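Chain and residue survey
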Amino acid sequence: MDYEEEYEALVQLVAHKKSSDISIFLTSVPFEDNFFYKGQDNIYLVSLSGWHHLTDLPIANGIAYIITSILLKYELDVGDNHDVSTGCINDFMWDKSIIDAGMRAAFVCEHCRSNTKATVLTSKIFRHLISVLDIISTQSRRGHDMLEEIVSALPSLPGTAFDIFLCHNSSDKPAVRLLNTRLKATGIKTWFDEEALLPGQVWQDELERQIGSIGACAVIVGPNGEGPWQENERRVFINEFIKRSCLIVPVLITGASAVPTLPLFLQQFMWCDLRGDDGNQFDRLVQSIRMRRHISV
Ligand SMILES: [Zn+2]
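All values derive from a computational prediction rather than experimental measurement. (Residues numbered from 1 in each chain as written. Predicted model: local features only at pLDDT ≥ 70, side-chain atom pairs only at ≥ 80, totals over all residues. Heavy atoms only, no water.)

Quick word on the pattern of salt bridges
Tallied over the entire structure, the rule returns eight salt bridges. Salt-bridge contacts for K38 lead to D33; the nearest nitrogen and oxygen are separated by 2.7 Å. Bridged by salt links that share partners, the residues E240, K243 and R244 form one connected network. (Salt bridge = Lys/Arg side-chain N within 4 Å of Asp/Glu carboxyl O.)

A closer look at the environment of Q210
By the element assignment, Q210 lies in helix α10 (residues 203–210). On a C-alpha basis, the gap between Q210 and F162 in space is 7.9 Å, while along the polypeptide they are 48 residues apart. Non-local contacts of Q210, meaning those with residues more than four positions away in its chain, are made with A161, F162 and W191. (Helix = DSSP H or I, 4+ residues; strand = E, 2+ residues; numbered from the N terminus. Contact = heavy atoms within 4.5 Å.)

Points about the coordination of the zinc ion
Put simply, the ideal angle at a metal is 109.5 degrees for four donors in tetrahedral geometry and 90 or 180 degrees for six donors in octahedral geometry. At the metal site, the zinc ion is ligated by H82 (NE2), C88 (SG), C109 (SG) and C112 (SG), and these contacts range over 2.1 to 2.3 Å. Around the zinc ion sit four donor atoms; with metal-centred angles ranging over 99 to 117 degrees, the donor geometry is tetrahedral. The sequence motif formed by the donor residues of the zinc ion is H-x5-C-x20-C-x2-C. Placement of the pair is C88 in the loop between α3 (59–75) and α4 (99–105) and C112 in helix α5 (residues 110–115), with a sequence separation of 24 residues. Comparing C88 with C112, the two get one shared label, buried. (Donors = N, O, S within 2.8 Å, 3.2 Å for Na, K, Ca; no water. Tetrahedral: all angles 85-135°; square planar, octahedral: opposite > 155°, others 65-115°. Buried < 20%, exposed > 50% of the residue type's maximum accessible area, 1.4 Å probe, protein only.)

Some words on the sheet that holds strand β2 (residues 37–40)
Reading across the sheet, the three strands line up as β1-β3-β2 and stay open at both edges, with mixed pairing between neighbours. Two strands close off the open sheet at either side, each with one partner strand: β1 (23–27) and β2. With strand direction ignored, the average angle separating the axes of adjacent strands in the sheet is 15 degrees. Here four bridges tie β2 to strand β3 (residues 43–47), and the two strands are oriented antiparallel to one another. The residue bridging G39 from the neighbouring strand is Y44, located in β3. The sheet contacts of helix α1 (residues 3–14) involve β1, β2 and β3, and relative to β3 the element is tilted by about 130 degrees. (Pairing = 2+ DSSP bridges. Axes fitted to C-alpha atoms, helices over the stretch in contact; angles between N-to-C directions.)

Examining the nonpolar core
If you look at the biggest cluster of nonpolar residues, it comprises 29 residues, and the most contacted ones within it are Y65, I66, L72, I99, V108, L133 and I136. I238, L252, A256 and F265 belong to the second-largest nonpolar core, a separate cluster that totals 24 residues. (Core = buried A, V, L, I, M, F, W, Y, C linked by side-chain atoms within 4.5 Å.)

A short note on helix α11 (residues 232–243)
Spacing of three or four residues puts side chains on the same side of an α-helix, whose turn is 3.6 residues. With 12 residues, α11 should cover 16 Å at 1.5 Å per step; its first-to-last C-alpha distance of 16 Å lies within 8% of that length. Looking at α11, one finds that the buried residues are R234, F237, I238 and F241. Seen end-on, α11 carries its buried residues on one side only, within an arc spanning 100 degrees. Facing away from the buried side of α11 by more than 90 degrees, the exposed set consists of N232, V236 and K243. Directly beyond the C-terminal end of α11, a positive phi value near 55 degrees is found at S245. (Expected span 1.5 Å × (residues − 1). Arc of directions from axis to C-beta.)

A short note on the packing of α10 against α11
Look at α10 against α11: their axes get within 12 Å of each other, and the N-to-C directions meet at 0 degrees. Taken together, the axes of α10 and α11 lie roughly parallel to each other. Between α10 and α11, the contacting residues are W203, Q204, L207 and E208 on the first element and E233, R234 and F237 on the second. Residues belonging to the contact of α10 with α11 are distributed by class as follows: three nonpolar, one polar and three charged. (Parallel < 35°, antiparallel > 145°, perpendicular 65-115°, else oblique. Nonpolar A, V, L, I, M, F, W, Y, C, P; charged D, E, K, R; others polar.)

Structural notes on the packing of aromatic side chains
Summed over the entire model, instances satisfying the criterion amount to six aromatic pairs. Each ring, one from F36 and one from W51, has its centre 6.4 Å from the other, and the planes form 55 degrees; the classification is tilted. A residue pair is termed long-range when its members are at least 10 positions apart, and F36 in the loop between β1 and β2 and W51 in helix α2 (residues 51–54) qualify at 15 residues. With a relative accessible area of 4%, F36 lands in the buried category. For W51, a relative accessible area of 2% gives the class buried. Centroid distance Y44 to Y74: 5.8 Å. Interplanar angle 35 degrees. Geometry classified as tilted. Highlighted residues: Y44 in strand β3 and Y74 in helix α3, separated in sequence by 30 residues. Residue Y44 is classed as buried on the basis of its relative accessible area of 4%. Grouped by ring-pair contacts, the aromatic residues Y37, Y44 and Y74 constitute a single cluster. (Phe/Tyr/Trp six-rings, centres within 6.5 Å; stacked < 30°, edge-to-face > 60°.)

Considerations on the pairing of strand β7 (residues 247–252)
Of all six residues making up β7, five are buried, and the element is well covered by its neighbours. Strand direction decides the pairing type here: strand β6 (residues 216–221) and β7, joined by six bridges, are parallel. Looking at the pairing, I220 lines up with V251 of β7. Bridge count between β7 and strand β8 (residues 272–273): two bridges; the pairing is parallel.

The structure is reproduced here in structure tokens:
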């Protein structure tokens, strides 16, 4: 990637976003000189090219590490680059392979700390960034994805009514009931008609009231019937979720046919296949709902 040309394009892109203090763009395309990042005037371009050849650690840890490094070096003036590798985040990573050791160490050495030009504001930001480095270091040494750890640790937010609407064919109720119980056990707040409705309430009216605050919709494909999208009213709601940029996940549950036919408008979304799942697919579903919950708020 030719940096000068890409940089000019990015400047144009952020020109009308004057409210941003700093813009950081990520790409998988390598720079011509294979550096991790370059930038000026608060616009940075980060290349994560060939990440999995450099380390086994999750890319989320790397993104956090590089962003923290940019903020410390260029926004908080944490001294000059080290000429040799010390493990400090201020090492000059001409050899990208030291990123693995860097994430596991993730610290600012005493020399760099003493050189930092600190004001009251920057000292506060500095302390926060050091806390982020501590998380990167702890999670990297365990081989964990720091983002997943942080998201799992976040408490449910009071006042958030529901995380996900369980759109299903009513003939599949017993299987959906099981899925609902499993999701609730992880702290996910589900909108499941059987529980969400009081006697006499009409589901369409109640969902209409909630739809603005629900961030996700699971379109559950089970053993019975053609699927929930066949019912016009449910289809209208799914379209409404799509219009609001909610997370839409088609979920296959036990008994769904081997190759279910999905309507075109659902084919673009990421599948979750719980048939014969060893827990991995279910965990991913829970993670995406949790991520969505915190992005929406
Ligand atoms: Zn240092």
